[in-house]
Structures are given as C-alpha cells and as structure tokens.
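The lines below spell out each chain.
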Amino acid sequence: MPGEAPLALNQTPDVLVIGGGNAALCAALTAREAGASVLILEHAPREMRGGNSRHTRNLRLMHEGPTKLLGDSYSEKEYWDDLMRVTKGKTDEKLARTTIRLSSDLMPWMERHGVRFQPSLTGTLDLSRTNAFFLGGGKALLNSYYTTAEKLGVSVRYGAEVQELKRDGNEIREVLVSREGVMETFRPKTVVVASGGFQANIAWLKEIWGDAADNFIIRGTPYAKGRVLKNLLDQGIASVGDPSQFHAVAIDARAPKFDGGIVTRLDCVPFSIVVNQEAQRFYDEGQDMWPKRYAIWGRLVAQCAGQTAYSIFDAKSVNLFMPSVFPAKRADNLPGLAQQLGLDPIQLEATVAQYNSAVAAGSFNPRVLDDCHTDGLVPPKSHWARRIDTPPYYAYPLRPGITFTYLGIRIDEQARALTTDGGAMTNLFAAGEIMSGNILGEGYLAGFGMTLGSVFGRIAGKEAAHHAIK
Amino acid sequence: MQSSNTTDEARRLLEICNACRYCEGFCAVFPAIELRRSFTNGDLNYLANLCHNCRGCYYACQYAPPHEFAINLPKTLAELRGETYVEYAWPKPFAVFFKKNGTVVSIATALGIAAVFLLTAGLQSPQILKDVHTGPGAFYKVIPEGAMIGVALGTTGFAILAMVIGAIRFWRDTGGGKATGLHALATAARDVLTLRYLGGAGDGCNNRDEQFSQTRRVYHHALFYGFTLCMGSTTVAAIYDHILGWPAPYAFLSVPVLLGTFGGIGMMIGTAGLYWLKLVGDQTPTARKWMGSDYALLMQLFLAAATGLALLVFRSSSAMGALLALHLGIIFSFFAMMPYSKFVHGVYRSAALLRYAHERRNSGQPEVATHS
Ligand SMILES: Cc1cc2nc3c(=O)[nH]c(=O)nc-3n(C[C@H](O)[C@H](O)[C@H](O)COP(=O)(O)OP(=O)(O)OC[C@H]3O[C@@H](n4cnc5c(N)ncnc54)[C@H](O)[C@@H]3O)c2cc1C
Ligand code: SF4
Ligand code: SF4
C-alpha cells in the first residue's frame, strides 16, 4: 500500500507523533523540516486517517488587511474579543494570543505544504471574512499533508494504537503500541501527542452522563477515545478544561453513530417549533441567529428524555435552510406526522394549536432578527414565529451530536506538557484538540479548532525537533 | 427519462453532496448541484455529462468507502453517463451497440477493414493491392474516387445526423430552452477547448492516488488537437482535389501532409498516453463496465493515426495499396461507429457545459474560481 511504512521501522525516531489529524501532521512536517527523523502513529487505517480533521472545512485567520482570499481585515483585537465572548474569559491569554498572532502566517505555510483554498462555500457568508475554506474540505487538506510528509521522508504507520507512554521523572522513555494485536515498543527521543479528545469513548462519556450517553451521536472519528490522554493524566500530567463538558449540536437523529460529519447538521430549528417526546415545547427556538444558537441545542436535546426531540415546521419553511442528508418526515396533517414520529397526535395538535394562537403579526425575514414572535407563550418564540398551518407538515428527529470534549493536558508556550507538581516534561509536547482546553475553556468559535491545531502543531514540531537533535 | 439503479444511486449521492458542498471549488458539477434541491432524471443526466471524471472529489470525499455512505461520485456519474449514451442514441435500435461497446466497436473496426479489402480485391482486382502506384490520383487507382467519396460522405453525414439528434434529445430531456446567447456559447466553447474542468481547480486530475497531475489533460489535448489537425488536413485535401483539381498524394511539405503528420503524431501520443493512464490508474473511481468502450475508441483513433502516418511513409512502395485499404477501413468504421462509441462523450459534455453556462448566467451565482 502506498505510504505504508516499511516493516523494519525506526524504533528510536527523533520525534514520535501520536495521532494522524491536522495537529499531528503540522507537527510532523515541521519537525521533519527541522531535520528530525519522524514517525507518525495513527490508530485509524489509511482510508479513515485524519481524525476529526477529515470533517473540517475551514480555519479562522487573523489578517490586518485584505488577503487574496479573505476580504477586509480581522484584527487581533477583534479575534481576541470574539474568543473572550465565546469562552466567557476562560482562556489562557498568553496561549490564546500566540494562537491568534501566529494564525496570520498560516496560509502561506499551508499552501507550501500542498493545501489549496477556495472562496467561502455558499451558505457561509457569515464566515467569508474570517475563515479560509479548504478546497475539497479537511480530507483533501490531510491528503496534501500526508503526500508532502511522505515526500519528505516522514514514516507513517496506520492501524497503530498507542496504549501507554512510560513516564520516568520528567521524561517519556517508552511508548507502547498495539498493531494488529501485536505490541511494539518505541523509544523515541521526543513525543508529540496530537491524539484528539475522548468524545468517541462512550464508556468514559457514560461515567459522566450515565446511560444518556448511549444516545449521543459522535460527529467525528471513532478513534478519538482519549486513551493517551487518560494514560498521561493518570501519570501526573496536569489537566485542563472541565472534564464533564463537551461541545455538541443538535443533529439528525438518524445519523450514523460515528463520522456522520457535516451533512447530518440541521439548520431548521429557528423556522420550526421543537418538541420533546411528550410533544411539548421546551425552549425558545427563535432566540438568536442560528449559528450563534447552534451549540445550545446540543445540550438542550441531550437533556430531553431519550435524548431525542423533534423539529416541526410546515410547507412555508421547507426551503429556508440548507438541505441535509436525510429527507424530512412528511405528512399531510399533524396527526399523521405525529404517528410517524411516535408522538401523541392529540398532544402534538394541542401544542401546535397553542403555539399558533400565540403567534403575533409581524413581517417575516429569515436573515435578520425579525419581529415575528409569540405573545404570552411559555417558553416564547422570540423571532421567526409563524403559524404552522400549511400542509404538508415536516419534521426532523434531533439527537445531540458531540463534536469534541474539553478535557485536555496543560501546556506551556513551547507546547510542553506540564505536570501536576508544577514542573514541565522535557520531551513531551501536545498539540490540537488534546490541549485545546488551555484556550477554549468553554464555547467554540467556528474554525478555531484547526487554527489552534495548526499553530500548536507547528510549535510542538519545532520544539520537539529542537530538543531531539540539539 | 428512464429510471435505473444507477439513477437512484446518483440521486442519493448528489443529495449528500448538496448537504456537504465541500467539493464546491473543484468543478462545474457542484455549483450546478447547488442550484437544485431535488434532482429529476433529466437533471441527473445533465450532471453526469457535466462531470469530467477528474476524480478529485473521490479522493477528497470524507464519505468515500469504507465510510457507510460509500460515496464514489466519479464512478456513479460515469455509469450514469454510459446509460445516457444508450438513452439518447438515434435511431433507437442502434442503442444496442452500446451493450458490450468495447467488443462491438472492435468487431466493427475489423469488419470495416475486411470489407474494404474484400471489395477492393473483389470489385477491382487483388493485384491492385500489391502494385506500386504513384503520381496524382494514385490513391484512386486502389479505391475508385466515387466509392471513396460516396462512403465518406455517407458515413460522416449519417454520424453527424445521429449525433445532432442525440444532442437535441439530451437538451430537451435536461430542461430544453433556447441554446442561444453569445456569452454562454463563448463560455461553453472555452470550457470545452481548454478542458477547464478536467483538473481539480487547476492542479489537474487524480490518476493513481491523492496526488494531482496534468498528464491527462495534456494527453487529451494532444488527442483532441491532433484529431482537429487531421480533420483540417482532410478538409484542405478535399478543397485541393475537388475545387482546385489537384488530386492526392501531396508533397511532404504541403499543407495537408503537414497538418496530417502533426495531427497524426499528436493523436498517437494522446491515445497511447490515455491508454497508459487507464492501465496504471486507480480503478476504484471508474465505471469498469465502460472501460472497454474507452479502450476501443482509443484503439480506433490510434490505429487511424498510425496507419495514416504509415501510408505517408510508404506511399511510393508496393505496400501502399494494402495500407490505404487498411487506413480507409479503420476510418470508415470509426465514422460509422461514431454515434455509438465513446466518441459521443464529447457531444453530450459540450451540451452539458452549454447548459451550465446558461444556467449560471441566469442564476446570478458568481463563477466558481478554478484557481485558488
Ligand atoms: C463534523 C465536524 C466538523 C468540524 N469542522 C471544523 C471546521 O470547519 N473548522 C475547524 O477549525 N474545526 C472544525 N471541527 C473541529 C476540528 O475537527 C478539531 O478541532 C480538529 O480537527 C482537531 O484536530 P486534532 O489533530 O487535534 O485531532 P483529530 O483530527 O481528531 O486527530 C486525532 C488523531 O489521533 C488519532 N488517535 C487517537 N487516539 C490514538 C491512539 N491511542 N494512538 C494513535 N492514534 C490515536 C486519531 O485516529 C486521529 O487521527 C469540526 C469537527 C467536527 C466533528
Ligand atoms: S464528494 Fe464527498 S466531500 Fe465532496 S461534496 Fe460530495 S459528499 Fe462532500
Ligand atoms: S469533474 Fe471531477 S470533481 Fe467534478 S464531479 Fe467529476 S470527478 Fe468529481
């Protein structure tokens, strides 16, 4: 198979990179170009390589003036303000500012390593100034990185799950890896962990969320099980981020358990009413413009019985949002729709009737916070409230889709892992999702995951190579 | 408008792509998808022919197999494209030629060659094929002028008629409407002549793996423009012969011979290169059942060029008679099979690009950047 490392692998590379997503590849490329020998260990097989990064489409770049792709400017200050707003100040300012500043020269570096960009995708106008889109998406980006890495002589081993890192004082001495049931031991000079979050580890999620976690859908890779993260935290590496929190959005309940990616997202909520399994509304669907409310709904649906809710709308609204992967359920009347969804038809009709009678007159405009709202309804619908009265009626079943978890390992500005006793590891570095909690204490900013992984991937790669060959 | 398993599969994929859109910048297909929310069979046939099979969207797809969505757009669209050739073929009964098309075209070529040999030997005399003929009108000593011109006009005339009717059927089925409008025509012509969309937004196609390469575009250009030069050569020769009264053969440095020589060399390089790319390429994103059809057309074109050049080199020798019969047999079968071979991809692709140019102008969507 092309790109597969030869069987006799260098067991003592200068830099061992754990993970095969964006952060891992940025680290590997940088370390290799700094003269180090580099081995990448990726748990996934080649066809599914690349973790959550394979599902991405853009990254957020600071720019003080117009660039060939991004118009106008997106200053450090504005970027910082956006970050403060979403994290509510839960961030490490030094690391955050480093990320923002270094994001401004990512694009030429990425292009030199084969990544190509395209104008912002249709339907994403809100991001066209701040976010650069990858031509072909995240998998195409990874393909370019892997191709370049192989040309530079980076070895890649697929299907290789890192099970354990052996800590000795402030050093990692050995890395134990299982591949096709066989254990191997590596003794690298330095290690970069870029193995993502633990969102695909359902057992771990259950420790926090109980059986509800069985109904969670994982939007990205099934390989982000947090094995390396847990192993390191167990050995006194300092943690960062709330261990119980994750980023989630409401997605189509029929999505595959893992790797459904972008196409399972639903943008219908603001144009609908959302009911739980009792056919009752439970939250203001029209609170704010959708991208801003996107993440709240993951949490809301996770708190519903059966972790399921239903977004219900009528023929007037069916073309107001982006299509998604599965067709909406459809019926000529509400009881028919209720039946398809397994809801009580009488209750659904009652909920809709109650909502309809509370809808105040207004002029509907899907692009702004319009004046269509309800009067005297609890909970209210503050915008885009129109009567649901025009057949056919439609519904999408919703479930929480987990994007990533916040728990990670604490690092310093050189991306070195810190220890619980206040020290720093000498040869262990971290990049990407696994250290994002340093900067994203909560919330999320579209395109920030890839920015953070690229910036700290490069820092980790550089520092690791430097440490290994000095 | 027929429905088939391929149609259903294409519809399934396109609905996923329309929710995803990550490949929007690769080619014309994705912006065209985004102008629609649902896909009629006519829409699918249009999109299938708009796809240039560059394979960029296969390697970039986060849902490619082994993902359970199993998206392989280039393969499915290529299969559907093949079905459109059958669907729009005229006259209807001749659509059967698209079944096992590779074999049919190969047999037709063999029959064409045999027919010319047998008729020459039978109606004239076998000796004619062995004699040395030189000077003006030498070729007509082997194949009489009336026969050569009659067959040539007959087959090309019929082929053009059949392909025009096919194109009209395609146009109607994919939405009809007027096909005028200078800007759209000019855009479509440029897109055809430059193979703008054969190339993942500027870096070329994917042949063997994730890496991009311009080789396919280069070979296709060599073939296309080589073929155009050869057609030019034939046209000039026809003018010399029938208007100016100078029958072939012509001097080595004459216009028809120069055009034919360069054209023939271009065609040989192009066909051999494309053949090689198919052999070494990754077959996953291809419609294997239509590969035979591709190979057969490439073989016909290669042989047409090779025998043409051989004829030029050996025209003063005793091999000329046989070479001429061979060359004309191949040319004859090529034109006869034109509407029923992979050749029609050019007709429907051009029509699809014209439709695309029209609908983009009418939609007001900005042009998709092909370089970034
Ligand atoms: C559907 C979706 C869309 C998104 N879109 C965007 C976007 O457009 N822009 C953006 O900035 N962010 C986006 N994100 C977030 C983004 O994906 C992440 O922030 C980013 O990809 C993290 O990169 P990473 O390299 O740290 O981790 P990942 O890409 O998840 O990579 C982790 C890697 O580690 C490997 N691994 C894990 N454990 C082991 C082990 N024990 N041994 C060996 N290997 C192991 C995995 O196989 C994987 O290759 C999106 C996320 C999802 C789910
Ligand atoms: S081919 Fe795959 S990645 Fe590209 S638009 Fe379609 S679904 Fe998305
Ligand atoms: S032209 Fe290329 S990118 Fe476009 S649909 Fe066809 S194979 Fe995919």
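Data block above holds the structure.
Read on for a plain summary of the structure. (Residues numbered from 1 in each chain as written. Chains lettered and ligands numbered in written order. Predicted model: local features only at pLDDT ≥ 70, side-chain atom pairs only at ≥ 80, totals over all residues. Heavy atoms only, no water.)

1. Quick notes on the pattern of salt bridges
Residues and elements named next belong to chain A. Put simply, the test is: The salt bridge definition used is simple: a Lys or Arg side-chain nitrogen within 4 Å of an Asp or Glu carboxyl oxygen. Type-normalised accessible area, obtained with a 1.4 Å probe on protein chains alone, sets the label of each residue: buried when under 20%, exposed when over 50%, and partly exposed for intermediate values.
Inspection of the entire model under this criterion finds 37 salt bridges over all chains. Of the charged contacts, one joins Arg416 and Asp412 as a salt bridge, the two residues approaching to 2.9 Å between their closest N and O atoms. Since its relative accessible area comes to 28%, Arg416 is described here as partly exposed. On the accessibility criterion, Asp412 (15% relative accessible area) is buried. What emerges from the salt-bridge pattern is a single network uniting Glu76, Glu93, Arg97 and Arg101.

2. As for the side chain of Ser103(A)
Residue and element names in this part refer to chain A. As a reminder, the rule being used: Every helix listed is a DSSP run of H or I at least four residues long, and every strand listed is a run of E at least two residues long, numbered separately from the N terminus. Pairs of N or O atoms within 3.5 Å make up the polar contacts considered here, provided that, within protein, one atom can donate a hydrogen while the other can accept it, and that residues adjacent in sequence are counted only when both atoms are side-chain atoms. Only heavy atoms matter for contacts: two residues are in contact if any of them lie within 4.5 Å across the pair.
In this structure, Ser103 sits in helix α3 (residues 93-103). At a separation of 3.0 Å, a polar atom in the side chain of Ser103 contacts the main-chain amide nitrogen of Met62. In this structure, Ser103 is in contact with Arg60, Leu61, Met62, Tyr79, Thr451 and Val455, ignoring residues within four places of it in sequence.

3. Focus on unusual backbone geometry
Residue Pro379(A) is reached from Val378(A) by a cis peptide bond, and omega for that bond is -15°. Cis geometry marks the peptide bond from Pro65(B) to Pro66(B), where omega comes out at 10°. Examined against the element boundaries, Pro66(B) turns out to sit in the loop between α4 (56-59) and α5 (73-88). Notably, Asp72(A) is not glycine yet its phi reads approximately 55°, a positive angle. Topologically, Asp72(A) is positioned in the loop between β3 (58-60) and α2 (76-87). A relative accessible area of 51% means that Asp72(A) is categorised as exposed. Of note in the backbone geometry, Asp259(A) takes a positive phi value of approximately 65° without being a glycine. Note on placement: Asp259(A) falls in the loop between β13 (246-252) and β14 (273-275). Exposure remark for Asp259(A): the relative accessible area of 6% places this residue in the buried category.

4. A word on the site of ligand 3
For the record, the criterion: Here a residue is considered near a molecule or strand provided that any single heavy atom belonging to it is located within 4 Å of it. Polar here means any residue other than Ala, Val, Leu, Ile, Met, Phe, Trp, Tyr, Cys and Pro, which are nonpolar, and Asp, Glu, Lys and Arg, which are charged; Gly is therefore polar.
All residues adjacent to ligand 3 are Phe26(B), Cys27(B), Val29(B), Phe30(B), Cys51(B), His52(B), Asn53(B), Cys54(B), Arg55(B), Cys57(B) and Pro74(B). Here the residues of the shell around ligand 3 sort into 8 nonpolar, 2 polar and 1 charged.

Keep in mind these values describe shape, not function.
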